[in-house]
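A look at the structure
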Amino acid sequence: MQNFVFDNKTKIIFGKDQEQVVGEESVVYGKKLLLHYGGGSIKESGLYDSVLNSLKEQGIEVIELGGVKPNPRVTLVREGVELCKKHDIDFILSVGGGSVIDSAKAIAAGAKYEGDVWDFFTGEAVVEDCLPTGVVLTIPAAGSESSAGTVVTNENGDYKRAFGHITLRPQFAILNPELTYTLPAYQTAAGVTDMMAHILERYFTNEKNVELTDRLCEATLRTIINNAHTVLEDPTNYAARAEIMWSGTIAHNDLLNTGRIGDWGSHDIEHELSGIYDITHGAGLAIIFPAWMKYVYKHDIHLFAQFANRVWGVEIDLNNPEKTALAGIKKTEEFFSSIGMPVTLREENIDDDHFEEMARKATERGPLGNFIKLYEEDVYNIYQLAK
Ligand code: NZQ
Ligand code: ZN
C-alpha cells in the first residue's frame, strides 16, 4: 500500500428536503452569491424557487448565471469569471450536475486569477486560490460534488480538458435523492455508468496489498449494480435512488483511491469523444471501458478474474483464469447494454474518421494510464476495438 493523505473537506448533507438548508450553509461564506445552473430542469422541477427562497431568507444577494450545457464550455466560464469580478462575488452555488459544478469550479479559480482561465487547463498556470463553492446536486454521476477536479471543453479546437486542485473541492454538497426522480432514464443510466467507471479506474491498479480498498470498490460496485435496474423501472423509489446517489459520491471522493494508484486512461480516451462529438460522458465510457478492458486484461489476469468473481459472481476457473477474466468483461459490457447504454461507437453513429486525430490529441501530453501506459497507437487500437 502506498503512503497517502486523505483530505476531503466537502460536508455532505444527505436526505429528504435538505435543499432547504442551502441558505444557512451558504451565508457562512458571504452575502454575495453567484447562482449557477444548467438548461432549465431546475426551473421545471421547482428546485430553483426553493433554493432562491432559502437564499433570500438569509439576506443573500443573488447574481444568476444559467445555461450551462452538458460538456460545459469555457466561453460561459469566462462570462462567469467576469461576473464574479464585476460584482465582487463571495461564493458560487451550483444547482445541477457535474457540468454545472465543473463550470462553477473553473469560474471559482478564474475569479482569483488575472490571466485567462483556460491557462489552468493547459497547465500554463496553477491555482493558488479560488472562491469557495457549494452544491445542490440533481444527478448522481460525475462525483464532482466532492472531487477536486473540473472538466471543461474549449470550443476552439474541441479540446475537453481537466485540471485539479485541492481548493476546488466544494465546501458542502446537498444530496436529496428525491431531486433525482425527474431524471430521464438515459441520464440515470449514464450516471450509473460514470460512477462505475470511477471505481473501475481505481480498481485496476498495479499496487499490491490494497485489500480494504479492493473490497470497498467491490461493495460500491455491487450496490450500484443491485439498484440500477430498480431506479430505471421505478424512478421514484427513494431507497434505490438514495443508494445510487450516495454511491456516486463515494465512487469519486478519493476514499476508494487511498493507498493505490488509479488508471484513468479510459476517461482520457472518452474525453476526446465528448470533445469532438459532444456525446454524454457516461455513454462514452460504456463504449470505451469494455474496449480498454479487452486491450489490457492480460497485464493482470488474476485481478480481472477477482473482479469477475467478486463483482459479477463468476465462478473462478482455476485451470483457465483467462476465461474467468473474459467472462467479467462480458458481464460488464452486457450490464451497460442492459441499462440502455451504447457499447459500440456505431451505436452513437461514430465512424473511424477521427480515430487518428483523437489518438494524437489524447497522447500529445504523454502516454495515458497507469495500469499499462498507453501510447498513440494503443489509443488508436482501443478506438478500433470500440467500433
Ligand atoms: O441542464 P439541465 O436542464 O439541468 O439538464 C441536465 C443535463 O441535460 C439534466 N439533469 C440534471 N439533473 C436533472 C436533469 N434532468 C432532469 N432532472 C434532474 N434532476 O441532465 C443532463 C446532464 O447533466 P450533466 O451535469 O452534464 O451530467 P453529469 O453529472 O453526468 O456531468 C457530466 C460532466 O461531468 C464531467 C464530465 O466529463 C461531463 O462533462 N466529469 C466531471 C468530473 C469531476 N469534476 O470530478 C469527473 C467525471 O469523470 C466527469 O469527467
Ligand atoms: Zn467520469
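Let's shift gears to the overall build of the protein. Looking only at helices and strands, the protein has 15 helices and 8 strands in total. Computed over C-alpha atoms, the radius of gyration of the protein comes to 20 Å, within 12% of the 21 Å expected from 2.2 N^0.38 for 387 residues, which places it in the range of a compact globule. The buried share among the 387 residues of the protein stands at 57%. The long-range share in the protein, meaning contacts at least 24 apart out of those at least 6 apart in sequence, stands at 78%. Counting every atom, the protein has about 15,800 Å² of accessible surface; 47% of that belongs to carbon and sulfur.

As enumerated under the stated definition, the model contains 22 aromatic pairs in all. Between F14 and W246 the ring centres are 6.1 Å apart and the planes differ by 65°, which places this aromatic pair in the edge-to-face class. Of this pair, F14 sits in strand β1 (residues 11-14) while W246 sits in helix α9 (residues 238-250), placing them 232 residues apart in sequence. For F14, a relative accessible area of 33% corresponds to the partly exposed category. Using a relative accessible area of 39% as the deciding quantity, one classes W246 as partly exposed. Between Y29 and F91, the aromatic rings sit 5.0 Å apart at their centres with planes inclined by 10°, giving stacked as the arrangement. Placement of Y29 in the loop between α1 (22-27) and β2 (32-37) and of F91 in strand β4 (residues 91-96) is noted, with a sequence separation of 62 residues between them. The structure contains a cluster of three or more aromatic residues connected by ring pairs, namely Y203, F204, F289, W292, F304, F307 and F371. The ring of Y238 carries K16 above its face, with NZ or CZ at 4.5 Å from the centroid. Taking the ring centre of Y48 as reference, the NZ or CZ of K43 above it sits at 4.7 Å.

The subject of this paragraph is the coordination of the zinc ion (ligand 2). Those donors, D194 (OD), H198 (NE2), H267 (NE2) and H281 (NE2), are the protein atoms that reach the zinc ion (ligand 2), and they lie 2.0 to 2.2 Å from it. In terms of primary sequence, the donors binding the zinc ion (ligand 2) are separated according to D-x3-H-x68-H-x13-H. With a gap of 14 residues between them, H267 in helix α10 (residues 265-277) and H281 in helix α11 (residues 281-296) connect regions that are remote in the sequence. Taking relative accessible area as the criterion, H267 reaches 6% and is therefore assigned buried.

Between its first and last C-alpha atoms helix α7 (residues 185-203) spans 27 Å; for 19 residues at 1.5 Å apiece the expected length is 27 Å, and the two agree. Most of α7 is tucked away, with 16 of its 19 residues classed as buried.

Before going further, it helps to examine the pattern of salt bridges. Tallied over the full model, the rule gives 18 salt bridges. The partner of R169 in a salt bridge is D254, and the shortest N-O contact between them spans 3.0 Å. Within this pair, whereas R169 is found in the loop between β7 (159-164) and β8 (172-175), its partner D254 is found in the loop between α9 and α10, the two being separated by 85 residues in sequence. What you see here is one network of salt bridges that share partners, running through R161, E272, R360 and E364.

The environment of ligand 1 is made up of 32 residues, and the closest members are G39, G98, S99, D102 and H198. Between an oxygen atom of ligand 1 and a side-chain N or O atom of H198, the distance comes to 2.7 Å. In the model, an oxygen atom of ligand 1 is placed 3.3 Å from a nitrogen or oxygen of the H271 side chain. In isolation ligand 1 has 970 Å² of accessible area, and contact with the protein removes 88% of it. Taken together, the elements giving at least two residues each to the shell around ligand 1 come down to α5 (98-110), β6 (149-154), α7 and α10. A class-by-class count of the residues in the shell around ligand 1 yields 9 nonpolar, 20 polar and 3 charged. Shared between two domains, the shell around ligand 1 holds at least three residues of each, these being domain 1 (11-179) and domain 2 (185-385).

A few words now on the domain arrangement of the protein. Per the domain assignment, the segments of the protein are domain 1 (11-179) and domain 2 (185-385). The gap between the C-alpha centroids of domain 1 and domain 2 is 26 Å. Taken together, the contact between domain 1 and domain 2 spans 28 residues of the former and 27 residues of the latter. Of the roughly 2,300 Å² buried where domain 1 meets domain 2, counting both sides, 54% is carbon and sulfur surface. At the junction of domain 1 and domain 2, the tally comes to 4 salt bridges. Between E364 and R161 there is a salt bridge, with its nearest N and O atoms 3.7 Å apart.

In this structure, M196, F204, W292, M293, F304, F307 and F335 are the most contacted members of the largest nonpolar core, which totals 63 residues. It is α11 that provides the largest number of residues to this core, a total of 10 residues. Those residues in contact with F307 that sit more than four places away from it in its chain are L200, Y203, F204, L221, M293, W312, G328 and T332. Counting residues in each nonpolar core, the second largest holds 30 residues, with V100, A106, A111 and F120 among its members.

The interhelical angle for the contact between α7 and α9, taken along N-to-C directions, is 45°, at an axis separation of 10 Å. What the angle tells us is that α7 and α9 run oblique. In this structure, α7 crosses over α9, and the sense of that crossing is left-handed. Each of T188, V192 and M195 in α7 lies in contact with α9, whose residues at this interface are R241, I244, S247 and G248. Taken together, the residues of the contact of α7 with α9 sort by class into 3 nonpolar, 3 polar and 1 charged.

Parameters and conventions
All residue numbers here refer to positions counted from 1 along the written sequence of the relevant chain. Each chain gets a letter, beginning with A, and each ligand a number, beginning with 1, in the order they are written. It should be noted that, the model being predicted, local features are given only for residues of pLDDT at least 70 and side-chain atom pairs only at 80 or more, the latter also being counted only at that level, while totals for whole chains, interfaces and linings use all residues. The basis for the side-chain values is all heavy atoms of the structure; hydrogens and waters are excluded. Numbering of helices and strands runs from the N terminus; a helix is a DSSP stretch of H or I covering at least four residues, while a strand is a stretch of E covering at least two. All radius of gyration figures rest on C-alpha atoms, and the globule criterion is 2.2 Å times the number of residues raised to 0.38. For every residue, the accessible area obtained with a 1.4 Å probe (protein chains only) is divided by the maximum for its type, and the residue is called buried under 20%, exposed over 50%, and partly exposed between those limits. Two residues form a contact once any of their heavy atoms are found within 4.5 Å. Calculation of accessible area relied on Shrake-Rupley with a 1.4 Å probe; when residues are assessed, cover is drawn exclusively from the protein chains displayed. Pairing of aromatic side chains requires ring centres within 6.5 Å, counting the rings of Phe and Tyr and the six-membered ring of Trp. Pairs whose planes differ by under 30 degrees are stacked, by over 60 edge-to-face, and all others tilted. Throughout this description, the term charge over a ring refers to an Arg CZ or Lys NZ atom that lies within 6 Å of the ring centre and within 35 degrees of the ring normal. Each metal's donors are the N, O and S atoms found within 2.8 Å of it, except that Na, K and Ca use a 3.2 Å limit; water is left out, so coordination can look incomplete. One fewer than the residue count of a helix, multiplied by 1.5 Å, yields its expected span. Salt bridge, as applied in this entry: a Lys or Arg side-chain nitrogen positioned within 4 Å of an Asp or Glu carboxyl oxygen. Here a residue is considered near a molecule or strand provided that any single heavy atom belonging to it is located within 4 Å of it. Counting of polar contacts relies on pairs of N or O atoms within 3.5 Å, with two restrictions inside protein: one atom must be capable of donating a hydrogen and the other of accepting it, and residues adjacent in sequence are counted only when both atoms are side-chain atoms. Charged residues are taken to be Asp, Glu, Lys and Arg, nonpolar residues to be Ala, Val, Leu, Ile, Met, Phe, Trp, Tyr, Cys and Pro, and polar residues to be all remaining types, Gly included. For the domain bounds, the source is a domain assignment made automatically or taken from a database. Two parts placed together each lose some accessible area under a 1.4 Å probe, and adding up what both lose gives the buried area. Residues enter a nonpolar core if they are buried and are Ala, Val, Leu, Ile, Met, Phe, Trp, Tyr or Cys, with the set joined through side-chain atoms within 4.5 Å. To obtain an axis, a line is fitted to C-alpha atoms, over the contacting stretch when the element is a helix, and the angle between two such axes runs from 0 to 180 degrees between their N-to-C directions. Roughly parallel covers angles under 35 degrees, roughly antiparallel covers those over 145, roughly perpendicular covers 65 to 115, and oblique covers all other angles. Note on convention: near helix rotated counterclockwise from far helix by under a right angle means a left-handed crossing. Clockwise means right-handed.

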